[in-house]
Amino acid sequence: MAASMGRKLLHMRKCYCLRLQLYESFKRGTSSSQIAVDDGKDNEMEGKPSVLSAMMAAARDRRTAFDTLIQKEAIAYEKGKRHLANMMGEDPEMFTQKDVDAAIEYLLPTGMYEKNARPMLKHPLDYYPPQKAAQLGPDGRPHECFFYTGRANYYNLMHECANHLEKLMKFEDQKIAQGILEPNSEPVNLIRSEWIDKKSLELKIVEEISDEEYERFIIMMERLLKQPYAKQVESFILDYRKELLAVINKEIVHEIQHDENGVAFSEAIGRRKSASARVVIRDQGSGIVTVNNQPMLEFFTMVQSRMSIMFPFQFVGMIDRFNAECYVSEEGGKQCQAGAVRLAISRALQSFVDISQIEQMRQAGLLTQDPRIRERKKPGQKKARKKFTWKKR
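Because the structure is predicted, anything quoted here is derived from the model rather than measured.

Caption draft 1: Highlighting unusual backbone geometry. Here Val206, not a glycine, exhibits a phi torsion of approximately 55 degrees, which is positive. Tracing the chain through its elements places Val206 in the loop between α6 (198–205) and α7 (211–225). Despite not being glycine, Asn293 shows a phi value in the positive range, around 65 degrees. Within the secondary structure, Asn293 is located in the loop between β6 (289–291) and β7 (294–295).

Caption draft 2: Main features of the nonpolar core. Formed by 34 residues in total, the largest nonpolar core has its most connected members in Ile281, Ile309, Phe313, Cys326, Val341, Ile345 and Leu349. Among the elements of the structure, β4 (264–272), β5 (275–282), β6, α9 (296–299), α10 (303–316), β8 (323–328), α11 (334–349) and α12 (355–363) are those that each provide at least two residues to this core. The dominant element in this core, judged by the number of residues it contributes, is α11, at eight residues. Grouped together as the second largest cluster of nonpolar side chains are 25 residues, Cys161, Leu165, Ile205 and Leu224 included.

Caption draft 3: Structural view of the sheet that holds β6. With respect to topology, six strands assemble into an open sheet ordered β3-β4-β5-β8-β6-β7, the strand pairing being mixed. Only two strands of the sheet have a single partner each, and these edge strands are β3 (257–258) and β7. Bridge count for β3 against β4 is two bridges, and the pairing is antiparallel. Residue His258 lies in a different strand from β4, and its bridge partner there is Ala264. Sheet strands touched by α11: β4, β5 and β8. Its angle to β4, the strand with the most contacts, is close to 140 degrees.

Caption draft 4: The arrangement of the layout of surface pockets in detail. Empty space within the largest pocket amounts to approximately 470 Å³. Every residue lining the largest pocket is counted, 15 residues in all, and those nearest its centre are Asp101, Lys115, Arg118, Pro119 and Met120. Taken together, the residues of the lining of the largest pocket sort by class into seven nonpolar, three polar and five charged.

Caption draft 5: How the structure looks around α10. Under the 1.5 Å per step criterion, the end-to-end length of α10 is 21 Å for 14 residues, consistent within 8% with the ideal 20 Å. The principal kink in α10, of about 40 degrees, is found at Met310, preceding the proline Pro312 by one to four residues. What α10 keeps buried is the set Ser305, Ser308, Ile309, Met310, Pro312, Phe313 and Val316. As for α10, its buried residues are in contact with β5, β6, α9, β8, α11 and α12. Remark: Gly317 follows α10 within two positions and exhibits a positive phi of approximately 70 degrees.

Caption draft 6: Structural detail: a nonpolar patch on the surface. A cluster of nonpolar residues, Met87, Met88, Tyr106, Leu107 and Leu108, forms a patch on the protein surface that exposes about 530 Å² of accessible area. Those elements that place two or more of their residues in the nonpolar patch are α2 (54–88) and α3 (97–107). Relative to the assigned elements, Leu107 resides in helix α3.

Caption draft 7: Structural view of the pairing of β4. Once β3 ends, the chain turns through five residues before running back antiparallel as β4, passing Gly262 with a positive phi of about 80 degrees. Pairing of β4 with β5 involves eight bridges; the strand directions are antiparallel. Bridge pairing links Phe265 to Arg282 in β5.

Caption draft 8: Quick peek at the confidence of the model for the protein chain. Of the residues in the protein chain, 79% reach a pLDDT of 70 or more, and the chain-wide mean stands at 81. Low pLDDT, under 50, characterises residues 30–51; the predicted model gives this stretch 23 contacts beyond four residues in sequence or across chains.

Caption draft 9: Quick look at the pattern of salt bridges. With the rule as written, the count across this model stands at 17 salt bridges. The shortest N-O distance in the salt bridge between Arg82 and Glu93 comes to 3.0 Å. Within this pair, whereas Arg82 is found in helix α2, its partner Glu93 is found in the loop between α2 and α3, the two being separated by 11 residues in sequence. For the salt bridge of Glu212 with Arg216, the shortest nitrogen-to-oxygen distance reads 3.4 Å. Of the two residues, Glu212 and Arg216 both sit in helix α7, four residues apart, roughly one turn of that helix. Classification of Glu212 by relative accessible area gives exposed; the value is 56%. Salt bridges sharing common partners tie together Asp259, Arg282 and Glu325.

Conventions and cut-offs
- Numbering of residues starts from 1 in each chain and follows the order in which that chain's sequence is written.
- With the structure being a predicted model, the display of local features is reserved for residues of pLDDT at least 70 and the display and counting of side-chain atom pairs for 80 or more, all residues being used for whole-chain, interface and lining totals.
- Water and hydrogen atoms were dropped before computing side-chain values, which therefore reflect all heavy atoms in the structure.
- In DSSP terms, a helix is any run of H or I states spanning at least four residues, a strand is any run of E spanning at least two, and both are numbered starting from the N terminus.
- We call a set of buried residues a nonpolar core when its members are Ala, Val, Leu, Ile, Met, Phe, Trp, Tyr or Cys and they connect through side-chain atoms within 4.5 Å of each other.
- Exposure categories follow from relative accessible area, calculated using a 1.4 Å probe and restricted to protein chains: below 20% of the type maximum is buried, above 50% is exposed, and the middle band is partly exposed.
- Strand pairing is assigned whenever DSSP detects at least two bridges linking the two strands.
- Note on contacts: a residue pair is in contact if any heavy atoms of the two residues lie within 4.5 Å.
- Under this scheme, a helix contributes an axis fitted over its contacting stretch, all axes are lines through C-alpha atoms, and angles between N-to-C directions fall in the 0 to 180 degree range.
- Here the term cavity refers to a set of points on a 1 Å grid, laid over the protein atoms alone, in which a 1.4 Å probe fits but cannot get out; the term pocket refers to an open set having protein on both sides within 12 Å along at least five of seven lines, with lining residues being those that place an atom within 4 Å of a point.
- Grid points are joined across faces, edges and corners, and a volume is the space filled by probe spheres set on the points.
- Under the grouping applied here, Gly and all other residues not named as nonpolar or charged are polar, the nonpolar ones being Ala, Val, Leu, Ile, Met, Phe, Trp, Tyr, Cys and Pro and the charged ones Asp, Glu, Lys and Arg.
- Expected helix span is taken as 1.5 Å per residue step, with the number of steps being one fewer than the number of residues.
- Axes are fitted to the seven residues ending at a residue and to the seven starting at it; the angle between these axes is taken as the bend at that residue.
- Patch membership needs two things, relative accessible area over 30% and no salt bridge, and members are linked within 9 Å if like-charged or within 5 Å if nonpolar (Val, Leu, Ile, Met, Phe, Trp, Tyr).
- Each accessible area is a Shrake-Rupley result for a 1.4 Å probe, and residues are judged covered by the shown protein chains and nothing else.
- Within this document, salt bridges are pairs made up of a side-chain nitrogen of Lys or Arg and a carboxyl oxygen of Asp or Glu, the two lying within 4 Å of each other.
- Across the chain, each position has a pLDDT score giving the predictor's confidence in that residue, from 0 to 100.

What follows is the structure in structure tokens.
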């Protein structure tokens, strides 16, 4: 028992000596690999130059290799751009990246659907992922106080959000103390924008984060956005939002026509599966809808079909303004015919609304044709998916 206690005390003394040597070497700037641990002997490193640790040397080598690669690829990019400008008969000094993309699309046409698979010529910094800068100084100490968390940039960002939130709350308290209860600043302009996704945030902070950490960041930014004086940190908020680009409407919006009585009307065609419909909507109406010269309530007996047809009018807030004359083919079922009529009505309404409402209708799915069709029967099967009953004998 006494022998085992003695061995434990000796082991604890060696560990204490090792920690003391590590601390002294860290103060002198030496690495842990330069310490020779002997039985009670001190290895004096004073007088010797400090050497980079293995971690710092590896980080330095990675950064040097990345910079060398970027420099080499940038030279090749400039050379290729000049050759491409000469081939197109343009001035190489005035040849922009937009001209490069147009020239490649002209010289190397491709039918690849995936954009990343198409030929391209871009600056290496546009497609090589960024590298994290060195986080340790010459003395081996980290620059950031969050270095040992493993995600220094992420926690720095969260710390910055918390600082902004605290400043806004203090500013609000000062205004309340002055008797100003209602904020006189404008809200942050967030029209047609959304928070950047997780992948974009990782590229921005050059670190990988989990889904839980991303949700925590979004919650913090939402709290910051709800502050009455969030306008003061608008630039910081907009750095982490991206603009929603509207998809170009490829459909032709017909101009409003007028009949012999001077009443404005618009005509459009819609399809759904095997059914096709033609709709004429007339202004200055009372909301009457006829289908094949019959009232809609008689032609479509199901409530779901009626709601589907009237939804475009309800969406734009013009349910009692137009009269609709619908002509639908006899092919397909009632739901199929109702879908064709709904698409035709939505397309006809484009002539009476502005561009912003057209975009809202597109986002709601009113202007998109349903591509689903009936699946064909397969040979050797009872139906499209159903199989024959299997019998062993």
